Amino acid sequence: MRQAGIVVVGAGLAGAASAYALARRGAGVTLIDRAEGAGQGASFANAGMLTPSMSDPWNAPGVWRDLLRWLGREDAPMLLRLRALPGLSLWGLQFLANSSRSAFERAIALNVRLGLFSIETMDAWRKEAAFDYDGACAGTMKIYRSEAAWREGVAKAETMAQLGVAFRGLDRDAMLAFEPALAPIADELAGAVHFPNDQSGDANKFAVGLSEASAARGVVCRWGETVRRLRLDGGAVTGVVLASGETIPADAVVLATGAYAPALAAQAGVRLPIRPVKGYSITYPAEGLTLPRLPIVDDVLHAALTPLGSRVRVAGTAEFTGFDDRLQPRRIDNLRGLLRQVLPAQAEELERRGGAAWTGFRPMHARGAPAIGRTARPGLYVNAGHGHLGWTLAAGSGEALARLMLGADDSFDLTPFEPRAA
Ligand SMILES: Cc1cc2nc3c(=O)[nH]c(=O)nc-3n(C[C@H](O)[C@H](O)[C@H](O)COP(=O)(O)OP(=O)(O)OC[C@H]3O[C@@H](n4cnc5c(N)ncnc54)[C@H](O)[C@@H]3O)c2cc1C
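Residues numbered from 1 in each chain as written. Predicted model: local features only at pLDDT ≥ 70, side-chain atom pairs only at ≥ 80, totals over all residues. Heavy atoms only, no water.

### Notes on the sheet that holds strand 2 (residues 29–33)
- Strand order across the open sheet formed by six strands is 9-2-1-13-20-19, with mixed pairing between neighbours. In this open sheet, the two edge strands, each paired with only one partner strand, are strand 9 (220–223) and strand 19 (371–374). Taking the axes of each pair of neighbouring strands and ignoring which way they run, one obtains an average angle of 20° across the sheet.
- Sheet analysis places strand 19 next to strand 20 (residues 380–384), joined by four bridges and oriented antiparallel. Each residue of the ladder has a partner; that of Ile-372, found in strand 20, is Asn-383.
- Lying over the sheet, helix 1 (residues 13–23) contacts strand 1 (6–9), strand 2, strand 13 (252–255) and strand 20, oriented at roughly 170° with respect to strand 2. (Pairing = 2+ DSSP bridges. Helix = DSSP H or I, 4+ residues; strand = E, 2+ residues; numbered from the N terminus. Axes fitted to C-alpha atoms, helices over the stretch in contact; angles between N-to-C directions. Contact = heavy atoms within 4.5 Å.)

Right, dumping it as structure tokens:
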């Protein structure tokens, strides 16, 4: 695989990590994105957490009950819009079929394994390609409002611990000693769980930094170019054709186009059960304000408040609504509510300064774990479908894929992640 090189389509976290991992092993790479730079899609303003601790897929056993219960409720953590149903039909059935206890546990184990490998890879890359992305290694903390919810959270953490995810259960006093910024809401909280090995950082800055580090290693970055189709030759994918008509030949093509991966893959007869699950964030300038030193997660709301350097971001919630990118005021209000709940003393000042609202599409694979590796079509590889874990799994996914493609070492087994129907 050495004459025409490798084309990576999509420069979000998955594509930028793939390009970097390939380039640092000496491969010739062209990285293409239709946006005017890296990290402009789902990777732009996510919740900023690297959380092997949250490896449980969202299609947990009983998810259908929650979806029915929450139908039409704008304050629901997970909202299914009925008009999106036709586009979800087969995928929706697969999403539900994968919510059996055994499929759920299998996906957790896969995500944890990849998540821990990813954290290890991040640690290595951070040293090697030093750039600022407001990164922090203080862990993440889940907070609970009732004793029963806290005990349940600790029990859940114990099952993750069996897979290698470290945690500490903190009662209210221990929680406050560890994170004094929560003092104003102490009376409302029963306890917390701290995951010390989780990390955080700005995903967009990371994707930009990594693509610049890749360019320094010879990767050709083509921004503002849409890949219109895959070039097929004798049954193999041999390059891509841009909207401009230009053909870029390749020995191999990596599809890292997030929620948009299924359409391009289908041109090569590869079916990827990936659909967009919309989420929101608001980022506030927070200079001079007291902030928590680590992300605070509200598990019930599927939402988090994350300090990012001199900013703070509230992000989360899930909406099944196709590629509708309108900012729904009610969904944004849910995040404002979380801000008021977690940082009541600072919320007013943050709102006065004004936050930047954003929405993005998590690329959700029906099986609850991403598709990474070789497809049945020679020359075509995939790195997509990371759902709510795309930041967590980015570095490990890129590194494992590069090892596979270049026949480097096979110490990380990608077999269970093979792109196939769910
Ligand atoms: C609100 C929210 C909060 C989140 N919080 C977290 C979190 O805390 N931790 C976590 O781990 N994950 C989180 N996620 C998930 C994570 O952000 C995503 O899984 C991740 O960004 C997906 O990265 P990607 O590279 O696969 O896709 P993207 O970032 O969407 O990148 C795909 C790229 O492909 C490009 N593209 C598409 N089609 C074409 C084409 N035809 N030609 C050229 N380019 C093309 C797009 O322009 C885009 O840049 C969150 C997501 C959301 C929405």
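Additional details are given in the paragraphs that follow.
### Focus on the packing of helix 4 (residues 101–128) against helix 11 (residues 394–405)
- The interhelical angle for the contact between helix 4 and helix 11, taken along N-to-C directions, is 90°, at an axis separation of 7 Å. Between helix 4 and helix 11, the angle is such that the two are roughly perpendicular. Contacts between helix 4 and helix 11 involve Leu-114, Phe-117, Ser-118, Thr-121, Met-122 and Trp-125 from the former and Ala-394, Ala-395, Gly-396, Ser-397, Glu-399, Ala-400 and Arg-403 from the latter.
- Of the residues contributing to the contact of helix 4 with helix 11, the split by class is seven nonpolar, four polar and two charged. (Parallel < 35°, antiparallel > 145°, perpendicular 65-115°, else oblique. Nonpolar A, V, L, I, M, F, W, Y, C, P; charged D, E, K, R; others polar.)

### Points about the sheet that holds strand 12 (residues 247–249)
- Taken together, three strands build an open sheet; the order of strands is 10-11-12 and the sheet is antiparallel. Here the strands that pair on one side only, and so sit at the sheet edges, are strand 10 (227–233) and strand 12. When strand polarity is set aside, the average angle formed by the axes of neighbouring strands in this sheet is 30°.

### Considering the environment of Arg-34
- Tracing the backbone through its elements, the reader meets Arg-34 in the loop between strand 2 and strand 3 (49–50).
- Non-local contacts of Arg-34, meaning those with residues more than four positions away in its chain, are made with Gly-224, Glu-225, Thr-226 and Tyr-260.

### Observations concerning the packing of helix 1 against helix 7 (residues 203–216)
- Across the interface, helix 1 lies against helix 7 with an axial gap of 9 Å and an inter-helix angle of 25°. The orientation of helix 1 with respect to helix 7, classified from their angle, is roughly parallel. Of the two possible hands of crossing, helix 1 and helix 7 adopt the one that is left-handed. When helix 1 is examined against helix 7, the residues Leu-13, Ala-16, Ala-17, Ala-19 and Tyr-20 are found in contact with a partner set consisting of Ala-203, Phe-206, Ala-207, Leu-210, Ala-213 and Ser-214.
- Taken together, the residues of the contact of helix 1 with helix 7 break down into ten nonpolar, one polar and no charged. (Left-handed = near helix turned anticlockwise from the far one by under 90°.)

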